[in-house]
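Structural overview
As a plain string of letters, each chain reads:
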Amino acid sequence: MAALYSALEAGRVGIFESPTGTGKSLSLICGALSWLRDFEEKKQEEEARLLALEDSGQEGTKWPTSAEPGRPDSKDTAGEPDWVTAFVQKKEERDAVDRLKEDQVRRKKREERLEKIRHNVQLKYAAKRKRSEEDETKRLLQLSKEALSEGAGVDVLEQLDHNEEELILAEYESDEEKKVVSGLEEDDDDLEEEHVTKIYYCSRTHSQLSQFVREVQKSPFGKDTRLVSLGSRQNLCVNEEVRRLGALQLINDRCMEMQKNKHEKKSDEEMEGKKRRVSRTVCPFYSYEQMQFLRDEVLVEVKDIEQLVALGRETKACPYYGSRYAIPAAQLVVLPYQMLLHEPTRSAAGIKLKDQIVIIDEAHNLIDTITCIHSAEVSGSQLCCAHSQLLQYMERYRKRLKAKNLMYIKQILYLLERFVAMLGGNVNQNPSCQAVSQTGTVLKSINDFLFQSQIDNINLFKVQRYCEKSLISRKLFGFVERYGGPATAVKTNKENRKLAGLQNFLLTLQQRSDKEGTLQSPPVEAENDQLRTASPLMQIEGFLSALTNANQDGRVILSRQGTVGQSSLKFLLLNPAVHFAKVLEECRAVIIAGGTMQPVADFREQLLSCAGVDPARVVEFSCGHVIPPENILPLILCSGPSNQQLEFTYQTRDLPQMMDETGRILCNLCNVVPGGVVCFFPSYEYEKQVYAHWEKTGLLTRLATKKKIFQEPKKANQVEQVLVEYAKCIKRCSRAGGQMTGALLLSVVGGKMSEGINFSDDLGRCVIMVGMPYPNIKSPELQEKMTWLDKTMPRAAGQAPSRVLIENLCMKAVNQSIGRAIRHQKDFASILLLDHRYARPAIFNKLPQWIRERTQVKPAFGSAFAELRKFHRGKSDTL
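Residues numbered from 1 in each chain as written. Predicted model: local features only at pLDDT ≥ 70, side-chain atom pairs only at ≥ 80, totals over all residues. Heavy atoms only, no water.

1. What to know about the sheet that holds strand β7 (residues 440-445)
- Reading across the sheet, the four strands line up as β6-β9-β8-β7 and stay open at both edges, with antiparallel pairing between neighbours. Both outer strands of the open sheet, β6 (376-379) and β7, are each paired with one neighbouring strand and no more. Averaged over all pairs of adjacent strands, the angle between strand axes in this sheet comes to 15°, irrespective of strand direction.
- Sheet analysis places strand β8 (residues 554-560) next to strand β9 (residues 568-573), joined by six bridges and oriented antiparallel. Bridge pairing in β9 links L558 to L569.
- Across the sheet, helix α23 (residues 536-546) touches β6, β8 and β9, and the angle it forms with β6 is around 130°. (Pairing = 2+ DSSP bridges. Helix = DSSP H or I, 4+ residues; strand = E, 2+ residues; numbered from the N terminus. Axes fitted to C-alpha atoms, helices over the stretch in contact; angles between N-to-C directions. Contact = heavy atoms within 4.5 Å.)

2. Some thoughts on the packing of aromatic side chains
- Scanning the model with the defined rule gives 18 aromatic pairs in all.
- Note on W35 and F39: the rings are 5.0 Å apart at their centroids and 20° apart in plane angle, and the pair reads as stacked. With W35 and F39 both in helix α2 (residues 24-55) and four residues apart, this pair spans about one turn of that helix.
- Look at W35 and you get buried, because its relative accessible area is 0%.
- Judged by relative accessible area, which is 21%, F39 ranks as partly exposed.
- On the numbers, 5.3 Å between centres and 80° between planes, the contact of Y286 with Y321 is edge-to-face. Here Y286, found in the loop between α9 (248-270) and α10 (288-300), pairs with Y321, found in helix α12 (residues 319-325); they are 35 residues apart in sequence, far enough to count as distant. (Phe/Tyr/Trp six-rings, centres within 6.5 Å; stacked < 30°, edge-to-face > 60°. Buried < 20%, exposed > 50% of the residue type's maximum accessible area, 1.4 Å probe, protein only.)

3. Focus: the pattern of salt bridges
- Applying the stated criterion across every chain, the model contains 22 salt bridges.
- Two residues, K303 and E301, come together in a salt bridge whose shortest N-O distance is 3.8 Å.
- The salt bridge involving K582 is made with E343; its shortest N-O contact spans 2.9 Å. Note that K582 is positioned in helix α24 (residues 577-586) and E343 in helix α14 (residues 343-348), a separation of 239 residues in sequence.
- E343 sits in the partly exposed class, given a relative accessible area of 39%.
- By sharing partners, the salt bridges in this structure join K24, D361 and E362 into a single network. (Salt bridge = Lys/Arg side-chain N within 4 Å of Asp/Glu carboxyl O.)

4. Some details on empty space enclosed by the protein
- Under the counting rule described, the total for this entry stands at seven cavities of 30 Å³ or more.
- As a volume, the largest cavity reaches approximately 160 Å³.
- As for the largest cavity, its lining consists of 18 residues, and the residues nearest its centre are C237, N239, C255, C283 and C318.
- Residue assignment for the lining of the largest cavity shows that the elements contributing at least two residues are α9 and α12. (1 Å grid on protein atoms, 1.4 Å probe; cavity = no way out; pocket = protein on both sides within 12 Å on 5 of 7 lines; lining within 4 Å. Points joined across faces, edges and corners; volume = space filled by probe spheres on them.)

5. A short note on the nonpolar core
- Counting residues in hydrophobic clusters, the biggest one holds 69 residues, and the most contacted among them are I360, L366, F580 and L608.
- Looking at this core element by element, the count peaks at five residues for α24.
- When sequence neighbours within four positions are dropped, the list of residues in contact with L366 reads L341, I360, F580, I592, F603 and L607.
- Within the second largest apolar cluster, 53 residues are counted, among which are L167, V436, I455 and Y466. (Core = buried A, V, L, I, M, F, W, Y, C linked by side-chain atoms within 4.5 Å.)

6. Things to note about the confidence of the model for the chain
- With 78% of its residues at a pLDDT of 70 or more, the chain shows a mean pLDDT of 80.
- Counted against residues more than four places away or in other chains, residues 151-158, with its pLDDT under 50, gives four contacts.
- Here residues 179-191 is a poorly scored stretch, pLDDT under 50, and it has 24 contacts once near neighbours within four places are set aside; other chains count. (pLDDT = per-residue confidence, 0-100.)

7. Overview of the sheet that holds strand β12 (residues 632-637)
- As summarised here, the arrangement of the seven strands in space is β14-β15-β13-β16-β17-β12-β18, forming an open sheet in which the pairing is parallel. With one partner strand each, in any of the chains shown, β14 (707-711) and β18 (856-858) form the two edges of the open sheet. Pairwise comparison of adjacent strand axes, ignoring direction, gives a mean angle of 20° for this sheet.
- Relative to strand β16 (residues 766-770), strand β13 (residues 675-681) is paired through four bridges, and the arrangement is parallel. Bridging across to β16, V677 finds its partner in C766.
- Each of β12, β13, β14, β15 (742-748), β16 and β17 (829-834) touches helix α26 (residues 656-672); the most contacted strand, β16, lies at about 175° to it.

Next comes the structure, spelled out in structure tokens:
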């Protein structure tokens, strides 16, 4: 906490490591909020002092000036006489005092308002009663309108029915024509509210953020902290009609469209004498007044996302936008990685980082996260499907679309056509039936890709902005929803034939993707299926956005497979620092924290150094574990029971003797280790291969006499079930006390169980790492990254940066996996690293400090086994 406090005070960039179970979250809360409280007190004292000087009529508040005092005719560096400088200085003083007075008034008003809400329950009931009355009024008005409209003739324009009006693109004005973009109209004043100094805390998952908020609630700061939780519309939306869409992109687009409809509705109502447009759906929860009420409720008491959603339903106010209104006055903002690290999302949420504090927790995979957020991939099927949909859309509504819309739609169609051509296909033919003549993977720089695809004359920034502002992907999705189904009535036979062609085409794509999914790849999440078949343009927009990166910071990967449909275009971000640099520049201090941050060289070089951070500004802090030294036994095992050297390289790990030796080690360990044993393999393929070999040799049967064997599933939805069965088995065995002593879980490094799962107590009394999980260096993406690093980074201690990257990726994965076992102060476990290469200094020094300082290197299996037996027997006796 002291190290964190001083890093915030000095405006540093800190890399903080605190193992799980050592109270990391509470230390971050207390250290950071203590600093913020002290900072606010100092600021208020300084304000009071300056205002007191002003009120007493004293001068000399020591505002900076370049003129020398006591010399009447002296001139400053700009050549101005003293009386001019004095006048300017006096004006600056008055302006500063005026600002301080305004801040005080604003702060006082806010505190009074929140205090009223905190103590006056009557206000809440009054607001609730008012909402009920408004609902009743709206209902009666609606009934009146319906009664009046009965029997009236329907005004149909160009044979388009009521609902189809919503599919037409509104008139688009580009930046040149429209300099000022109207925002939320009456809401603009509140969005401009001054942001107080605050802490932005972000983590990886929704559950981690909720857990952090609960820690804040329990802390000494729980009552007095103004905290707001931010999340995606998927987590915060309370409009059931929108929530039912399921996929995040569809929810986002529908929400934006409803907001747009609200503003269009206002302007339509103001138009007299003109034909009224068909009414469009608006969100009943998007009420300015109710969102202001929700904002104040959020600031009064600390709430997690679940409580925020419940409050939104109760107050009939949108939690997504209501929570954003609370950002300026909040002291602690809790949000997911993506919202902070992606600049467009950040600015859309109203997050201002200037002179603020950012704490990024669970940051061990920060580099990968930034890379993934700014990378994008589209398949040939998606490109062809989007082209077909957009062409059908344009042909149906051509007479209703303005020239600007038609121009941009034609540009997007041309882009799609050229992208498919780059994959060796024709956009007008079924992608599943087009064979690719030259298969393989090709990497190109962004500029080369733009030139070779002949799209370098198109302004991608403008196309990207058009997609964003016009909501074209949402309109297209609505169009496909309407005419993509089998039971649709369309007006003319010609259109019928066209749309039937679209249906058949989409059906072919769907069947093809189903076949591909079952034969070649693990099943894709339902949300992605829905997006890819229904609205591929949403995916393609991400790819277009990625192409606007600087040429040197990324590559385009052309992956040509058997057919055009199976082929893909992928943008790979090489330099994550370009997207992190702004965060580092704007913030007062940035803290990158995690349970396992070793090796930290990646953070220093790939993120901080590349972003231009002065090395003197970077501070590192790593604390040991809270467990006593005798509660952990980490061993590096160099050879097995039959003296076979343990070296699991790609060349040797498939040898039968290596797999046999691994099996013998596990058999011996399972005889002495109680409870659960978790064994990590470098990949799913190798785990499967070893399992099949043990099954054939009978070794699996021997293992099963002591431990029931479980395998990590590939499907995410089966993980929970396997873990429950694994835990039940261990509990049952510890009670029964028979020959079966627990369970053995065969897991995979980088899989579902190597991160975020706690194998505490009996669930993980021994963690085994088989070999070293080096990444696949034949991967084109990794090769390109290695080449880029060798060109841009200096050599470290005689080693090429690419070599350092490979070792760091390997050890990051190892450290995450072996950290699963020790989860609290009284926990104990043994850790076995099966490979003599772990003893090399370059590798050994990349282990976490609290493990490294207790690790023993064992050349022979005999002494290692004796040490393990002694450790576990001693612990069993003390339990």
